[in-house]
Amino acid sequence: MNTRKRKRNNPKRTRKPNTIKHPTKNKKESYNISKHILINFKTSDFNFTVPKQLIPNKPRFEKVRLMVLNRDNMSIDHQSIYNLTHYFGHGDTIVFNNTKMYKSILYGKKEKTGDNIQVYLVREVNKKEKSWEVLVQPARKIRIGNRLFFLDENNEKMLAVVHDNTISKGRILKFNSDLPNKEFKRKINHLGNIQSDIYTDFQNSFLDLSKMQTIYAKKAGSTSPHFPGLHFSKFLLKKLELQGVNFSYITLHLGTNTYEKILVEDLQKHKMKEEYFNIPRKACQLINSSLKSQKKVCAVGTSTLRALESSVSTYNTLNPNKKWTNKFIYPYYKFHIVNSILTNFHPPKSTLIPLLAAFTGYEFLMKAYDIAIKEKYKFYNFGDAMLIL
């Protein structure tokens, strides 16, 4: 009989997941990137200072510069927006958000007291009932059951009743109108005013709706302009088209959501407001064809990117869809559809910086922003463009 004791096999050592050190601190903080789970990034990691002289206060359609970030070799190139054609060719697809901005600020009065009120139209709730979700000012004076009216230049009244509360300044308004929906919206747009720019103050002379619309704007529904799309002229689109570049159009109606600053330090606690998007079947066919051929799929603007990434199939292709999204993207999100993006230079602590850090890599993005400030690129809504490949 064998009396020798069997040696116990040592259990196999489990390999530690890949980690990356925090880019801004020397502490032994790390991230589990194998599962794309954010552990230690905070909102303050996306803070920086932009000199005021780099923030233009009006639309600028000429002399727009283009910073190009290449993720493959970590290089940065300085170009003009008209040299965008150098980076796209036959079979590539550029995806545009064809949303159209409407005048979302109404100035009116309370029917009983005559008090001045301001109403910001957030989104349409019910077409048939002509009810809208709005923000009101001063909120403390606007209660359920109050009747409000708005006057046009002929002193004709548009009446509305406060139907419900949503948040502290939020209300549901029902407009009393027998007009067909299209005519009603035309009336609202006629009565309304353009929302002032969120990051910069500019004179009323520049509050021209025609200067805030992209040349391909088609679907009315945004309360904010789609600024990255303003870089595209008919001339630039024609140059791209002649190179065999596909144009795909989707819709995401912009509110203040995208441009809001993050107020919590823990990124995972930030909640985006819902925005409506529509991705038609034709857009999916073009985009999926480019993906299959390993061509570029470039989203013009972060809103376009969020819509596309909100409608991914189990096969990592794009699905046609009509729905609402509150998708908030931050490191280490795994992108499925978009492999390049054209955007502007954005404010610190906005939802856009974590999204771009997820797409580009934190250190590379922060380096690019440092260079942009040194090279005097223009920032924010009327600023220069950034292409990330």
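Provided above is the structure to which this section pertains.
Computed from a predicted structure; not experimentally measured.

Visitor: Can you lay out the sheet that holds strand 17 (residues 321-325) for me, pointing to particular residues and giving the numbers?
Guide: Pairing in this open sheet of 9 strands is mixed, and the strands run 4-3-19-18-16-5-14-15-17 from one edge to the other. Here the strands that pair on one side only, and so sit at the sheet edges, are strand 4 (75-80) and strand 17. For this sheet, the mean angle separating the axes of adjacent strands, direction not counted, is 25°. One ladder, built from 5 bridges, connects strand 5 (residues 93-97) with strand 14 (residues 246-252); its direction is parallel. Bridge pairing in strand 14 links Phe96 to Tyr249. Most of the contacts of helix 5 (residues 302-309) go to strand 14, to which it runs at about 85°, and overall it touches strand 5, strand 14, strand 15 (275-279), strand 16 (297-300), strand 17 and strand 18 (340-344). On the sheet, helix 6 (residues 352-360) packs against strand 3 (65-70), strand 18 and strand 19 (385-388) and is oriented at approximately 150° with respect to strand 18.

Visitor: Describe the environment of Gly108, with residues and values.
Guide: Among the structural elements, Gly108 can be located in strand 7 (residues 105-110). Under the relative-accessibility criterion, Gly108 is labelled buried at 8%. It is 9.6 Å that separates the C-alpha atoms of Gly108 and Lys157, two residues lying 49 residues apart in sequence. Once you skip the residues sitting within four places of it in the chain, Gly108 turns out to touch Asp115, Asn116, Ile117, Phe149 and Phe150.

Scoring rules and cut-offs
- Residue indices begin from 1 for each chain and proceed along its sequence in written order.
- With pLDDT at 70 or above as the cut-off, local features in this predicted model cover only qualifying residues; side-chain atom pairs require 80 or more to be listed or tallied, and sums for whole chains, interfaces and linings still use all residues.
- In computing side-chain properties, one takes all heavy atoms of the structure into account and sets aside hydrogens as well as water.
- When DSSP finds at least two bridges between two strands, those strands are taken to pair.
- For helices the rule is a DSSP run of H or I covering at least 4 residues; for strands it is a run of E covering at least 2, with both sets numbered from the N terminus onward.
- Helix axes are fitted only over the stretch in contact, all axes being lines through C-alpha atoms; the angle between N-to-C directions runs from 0 to 180 degrees.
- Note on contacts: a residue pair qualifies if any of its non-hydrogen atoms lie within 4.5 Å across the two residues.
- For every residue, the accessible area obtained with a 1.4 Å probe (protein chains only) is divided by the maximum for its type, and the residue is called buried under 20%, exposed over 50%, and partly exposed between those limits.

Everything listed is a geometric property; what it means functionally is a separate question.
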